Amino acid sequence: MSRLDRALELVAISSVSRNESELAGFVERKLRGIAHLSVERIGDNVVATTNAGFARRVLVAGHLDTVPGDASQARVDGQTLFGVGACDMKGSLSVMLELAATPPTHQDVSWVFYAREEIARSESGLVELAQLRPDLVRGDVAVVAEPTGGCVEAGCQGTLRVSVTFHGRRAHTARPFTGDNAVHRLGAALIRIAAYEPRSVEIDGVVFVEQMQAVSVSGGIAPNVVPDVASVTINHRVAPDRSRDDAVAQIRHTLGDCLREGDEVVIEDFAPPARPHLGDPLLADLVRRTGVAPRAKVGWTDVATFTEMGIPATNFGAGDPLLAHRSDEFVTEDELDVFAGVLSSWLVQAP
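All residue numbers here refer to positions counted from 1 along the written sequence of the relevant chain. In view of the model being predicted, local features appear only for residues whose pLDDT reaches at least 70, and side-chain atom pairs are presented and counted only at 80 or more, with totals across whole chains, interfaces and linings using the full set of residues. Side-chain numbers here rest on the full set of heavy atoms in the structure, without hydrogens or water.

Draft legend 1. How the structure looks around unusual backbone geometry. A cis amide bond, omega 0°, links Asp-88 with the succeeding residue Met-89. We note that Arg-18 has phi near 80°; this positive angle belongs to a residue other than glycine. Numbering of helices and strands runs from the N terminus, with a helix taken as a DSSP run of H or I at least four residues long and a strand as a DSSP run of E at least two residues long. Counting through the fold element by element, Arg-18 comes out in the loop between α1 (3–11) and α2 (21–32). Of note in the backbone geometry, Arg-116 takes a positive phi value of approximately 60° without being a glycine. Position of Arg-116 among the secondary structure elements: in the loop between β6 (108–114) and α4 (125–132). A simple rule labels every residue: compare its accessible area, found with a 1.4 Å probe on the protein chains alone, to the largest value its type can have, and call it buried under 20%, exposed over 50%, or partly exposed in between. Residue classification places Arg-116 among the buried positions, given a relative accessible area of 14%.

Okay, structure coming up:
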């Protein structure tokens, strides 16, 4: 069976977030058939560990879930696998299952397949494992198999979501001068957000570019009423040198005098960034084996979760990250081969 056909088996199993049970069962059965692995399932998370007694342990982690889509449309066309999750990240999961069958030679390996990465971080299967069985996610270094196009994408940006509520004064639309239109105030704020100039910062030799976007708006109660309340939700992606407070301060700075006393800025969600950790010798060796320069991870990934655990981590996986979550998502056989070759050599050969 080719690598594409093995990956197709996973893509053909629907595993939209919160519905990973069938795929977790498939992965569990595959891993339990490997003699040198100790396999445990915690909810819809499956962890397989080698326990040869080496001084060092490496974690390789990937999420089982996908964004919504029709798994029945999965197909192989020539040297390409199409289907929801093909790139993000079932192609890489299939390589993980393949490489897990090779006994360790100089370091122990923990293969972590976890649920619910594509939704709120509070529901993350990796966070669940850290809370219920922290022993299963301990190690010296971690690789998160997010699609990276075969290079190392170091660290990750944090993501902040805030709601900003603007207040005005209700009035009849025939006499708007007696009121204060909150939607118009919101419009001025949207102009500021649209004009935001992304900040760039270089950390450990890779460049992070921050972003800020308005992602939803609301306001108005009737067609003949000047609205007294309007709100916008803002998503701000921040580099690893920023804290949550820094990110909130940047939003306030961007809005400037659009904000008035009585307006509300409420933090809805924050996932922290992670530094690149490219000074770690194991991760530096992984970069060397790819043969290409590393780059910064512009999105948020569970590299940040491992960093919070005190484990240096990076992103490395098969597939073009720009294809993730698209309706025409795909991964190629060449991309799987490159990922398998680099990861295998890194795991079985001493740096």
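Still more ground to cover, so stick around.
Draft legend 2. Up close: the sheet that holds strand β13 (residues 211–219). Note: two strands are recorded as paired if DSSP finds a minimum of 2 bridges between them. Taking strand neighbours across the sheet as the criterion, the four strands line up as β13-β15-β9-β16 in an open arrangement whose pairing is antiparallel. Looking at the sheet topology across the chains shown, the edges are occupied by β13 and β16 (264–271). Neighbouring strand axes in the sheet, compared pairwise and without regard to direction, differ in orientation by 20° on average. Strand direction decides the pairing type here: strand β9 (residues 158–167) and strand β15 (residues 229–238), joined by 10 bridges, are antiparallel. Note that in β15 the partner of Ser-163 across the bridge is Thr-233. Comment: axis = line fitted to C-alpha atoms, over the contacting stretch for helices; angle = value between 0 and 180 degrees taken between N-to-C directions.

Draft legend 3. Fine view of helix α3 (residues 86–99). Take the residue count of a helix, subtract one, and multiply by 1.5 Å to get its expected span. End to end, α3 covers 18 Å across 14 residues, agreeing with the expected 20 Å (1.5 Å per residue, within 8%). With respect to burial, α3 is a largely interior element, 13 of its 14 residues being buried.

Draft legend 4. Structural context of the pattern of salt bridges. One speaks of a salt bridge when a side-chain nitrogen belonging to Lys or Arg is within 4 Å of a carboxyl oxygen belonging to Asp or Glu. Following the criterion strictly, the structure yields 24 salt bridges and no others. Note that Glu-98 is salt-bridged to Arg-6, the shortest N-O span being 3.2 Å. Placement of Glu-98 in helix α3 and of Arg-6 in helix α1 is noted, with a sequence separation of 92 residues between them. The exposure class assigned to Glu-98 is partly exposed, which follows from its relative accessible area of 24%. For Glu-153, the salt bridge is made with Lys-297, and the minimal N-O distance between the two is 2.7 Å. Of this pair, Glu-153 sits in strand β8 (residues 153–154) while Lys-297 sits in the loop between β17 (295–296) and α8 (303–308), and the two are 144 residues apart along the sequence.

Draft legend 5. The nonpolar core, seen in detail. Buried residues of nine kinds, namely Ala, Val, Leu, Ile, Met, Phe, Trp, Tyr and Cys, make up a nonpolar core once their side-chain atoms join them within 4.5 Å. Counting residues in each nonpolar core, the largest one holds 57 residues, and the members touching the most others are Val-27, Leu-31, Trp-111, Phe-113 and Trp-346. Filtering out sequence-adjacent residues up to four positions away, Phe-113 remains in contact with Val-27, Leu-31, Asp-44, Asn-45, Val-46, Gly-62, Leu-64, Leu-93, Met-96 and Leu-97. Among the nonpolar cores identified, the runner-up in size contains 21 residues, and Leu-126, Ala-142, Val-144 and Val-303 belong to it. The contact criterion used throughout is that any non-hydrogen atoms of two residues lie within 4.5 Å.

Draft legend 6. Structural view of the sheet that holds strand β19 (residues 330–332). The three strands are arranged β4-β5-β19 in an open sheet whose pairing can be described as antiparallel. The open sheet is flanked by β4 (75–77) and β19, the only strands paired with a single partner. Strand-to-strand twist of the sheet, defined as the mean angle between neighbouring strand axes without regard to direction, takes the value 25°. In the sheet, β4 pairs with strand β5 (residues 80–82) via three bridges, with the strands oriented antiparallel. Looking at the pairing, Val-76 lines up with Leu-81 of β5.

Draft legend 7. Structural context of the packing of aromatic side chains. For Phe, Tyr and Trp, rings pair up if their centres lie within 6.5 Å, where Trp contributes its six-membered ring, and each pair is then called stacked (planes under 30 degrees apart), edge-to-face (over 60) or tilted (otherwise). Counted by the stated rule, this structure contains two aromatic pairs. Taken together, a centroid distance of 5.6 Å and an interplanar angle of 50° make the contact between Phe-82 and Phe-330 tilted. Taken as a pair, Phe-82 in strand β5 and Phe-330 in strand β19 lie far apart in primary sequence, 248 residues in all. Here the aromatic rings of Phe-316 and Phe-339 are separated by 5.3 Å at their centres, their planes lie at 55°, and the arrangement is tilted. Linking Phe-316 in the loop between β18 (313–315) and β19 with Phe-339 in helix α9 (residues 333–348), this pair joins segments that are 23 residues apart in sequence. Judged by relative accessible area, Phe-316 falls into the buried class, the value being 0%. A residue is classified by how much of its surface remains accessible, and Phe-339, at 1% relative accessible area, is buried.

Don't take any of this as a statement about function, it's just geometry.
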